[in-house]
Amino acid sequence: MLYEATLIWDNCIIVAPSALISMPGRQMKKDTYETVVSTFDILIGSEIYRWGLDGVHDVWLRTAHIDQERIYLTFGDAAHTMREELRHGITQKQAVLDAAQKLWHETGVTADITGW
C-alpha cells in the first residue's frame, strides 16, 4: 500500500482537504487532512479508489466538474458508479485551468469549469 500511495503522490493532479463520496443508495463522508487525485486513482485517508489502471475491471474516470469551491469527479464501471466531491481550496483561476489541463492530459476527461 505504501508503494501505491507513493505512486499516487508522484502522479498527483490535485490535493484537497476533504471529500464526500456518494454511490447510488448511500453516501459517506470522509474527513481527512488530504485527498489526493492522481492520474489513475484517488487516495482518501488510507483508502484507494482506482480508475484507468490498465483497464482493470473497466473502471474509468467518467466526468469532472470544477466550480469555485469544489471539484466533482464521477468514476466507475458499467455496473457501479461513484461520485466524489472535493473542496479544492483553489483561489486562482489559472490554478484551476492548470488542474483541468493536467486532468485532461492524464485521464482524457475534459473538466467542465463554471463560476470562474
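The rules behind these values
Residues numbered from 1 in each chain as written. Predicted model: local features only at pLDDT ≥ 70, side-chain atom pairs only at ≥ 80, totals over all residues. Heavy atoms only, no water. Helix = DSSP H or I, 4+ residues; strand = E, 2+ residues; numbered from the N terminus. Buried < 20%, exposed > 50% of the residue type's maximum accessible area, 1.4 Å probe, protein only. Contact = heavy atoms within 4.5 Å. Polar contact = N/O pair within 3.5 Å; in protein donor to acceptor, adjacent residues only side chain to side chain. Salt bridge = Lys/Arg side-chain N within 4 Å of Asp/Glu carboxyl O. Core = buried A, V, L, I, M, F, W, Y, C linked by side-chain atoms within 4.5 Å. Expected span 1.5 Å × (residues − 1). Arc of directions from axis to C-beta.

Colleague: Is there a simple way to think about the overall build of the protein in this case?
Modeller: Within the protein, the regular secondary structure consists of two helices and 10 strands. Residues counted as buried form 41% of the 116 residues belonging to the protein. Across the protein, the fraction of contacts at a sequence separation of at least 24, relative to all contacts at a separation of at least 6, is 46%.

Colleague: For this particular structure, what's the right way to read the side chain of Arg70?
Modeller: Examined against the element boundaries, Arg70 turns out to sit in strand S8 (residues 70-76). A polar atom in the side chain of Arg70 sits 3.2 Å from the side chain of Glu69.

Colleague: Explanation requested: the pattern of salt bridges in the structure shown.
Modeller: The full count for this structure, using the stated rule, is three salt bridges. A salt bridge links Arg70 to Glu69; its shortest N-O distance comes to 3.2 Å. When its relative accessible area of 44% is taken as the criterion, Glu69 is described as partly exposed. Of the charged contacts in the structure, one is a salt bridge between Arg70 and Glu85, with a shortest N-O distance of 2.8 Å. Taken together, the positions of Arg70 in strand S8 and Glu85 in strand S9 (residues 81-87) put the pair 15 residues apart, joining distant regions of the chain. A cluster of three or more residues bridged by salt bridges with shared partners is formed by Glu69, Arg70, Glu85 and Arg87.

Colleague: Just to check I follow, could you spell out the nonpolar core for this structure?
Modeller: Side chains of a nonpolar character, in soluble globular proteins, are inclined to be buried together. Counting residues in each nonpolar core, the largest one holds 25 residues, and the members touching the most others are Trp51, Leu73 and Phe75. The contacts of Phe75, once residues within four sequence positions are left out, are Ile42, Tyr49, Arg50, Trp51, Val59, Trp60, Leu61, Arg62, His80, Thr81, Met82 and Glu84. Ranked by size, the runner-up nonpolar core spans five residues in total, among them Ile8, Cys12, Val36 and Leu43.

Colleague: Where do I start with the environment of Trp116 in this structure?
Modeller: Residue placement: Trp116 occurs in the segment after strand S10 (112-113). Since its relative accessible area comes to 28%, Trp116 is described here as partly exposed. Apart from the residues within four sequence positions on either side, Trp116 is in contact with Ile66, Asp67, Gln68, His88, Ile90, Thr91, Gln92, Lys93 and Val96. Polar side-chain contacts of Trp116 include one of 3.2 Å to the backbone oxygen of Asp67.

Colleague: Sorry, what's going on with helix H2 (residues 93-107) here?
Modeller: Residue pairs three or four apart in sequence face the same way in an α-helix, which turns once every 3.6 residues. Across its 15 residues, H2 extends 21 Å between first and last C-alpha, which sits within 8% of the 21 Å expected from 1.5 Å per residue. Those residues of H2 that fall on the buried side of the exposure criterion are Val96, Ala99, Ala100 and Leu103. End-on, the buried residues of H2 take up no more than an arc of 100°, which puts them together on one face. Check the buried side of H2 and you find it contacts strand S1 (12-16), strand S7 (60-66), S8 and S10. Directly after H2, the chain includes Gly108, whose backbone phi takes a positive value near 85°.

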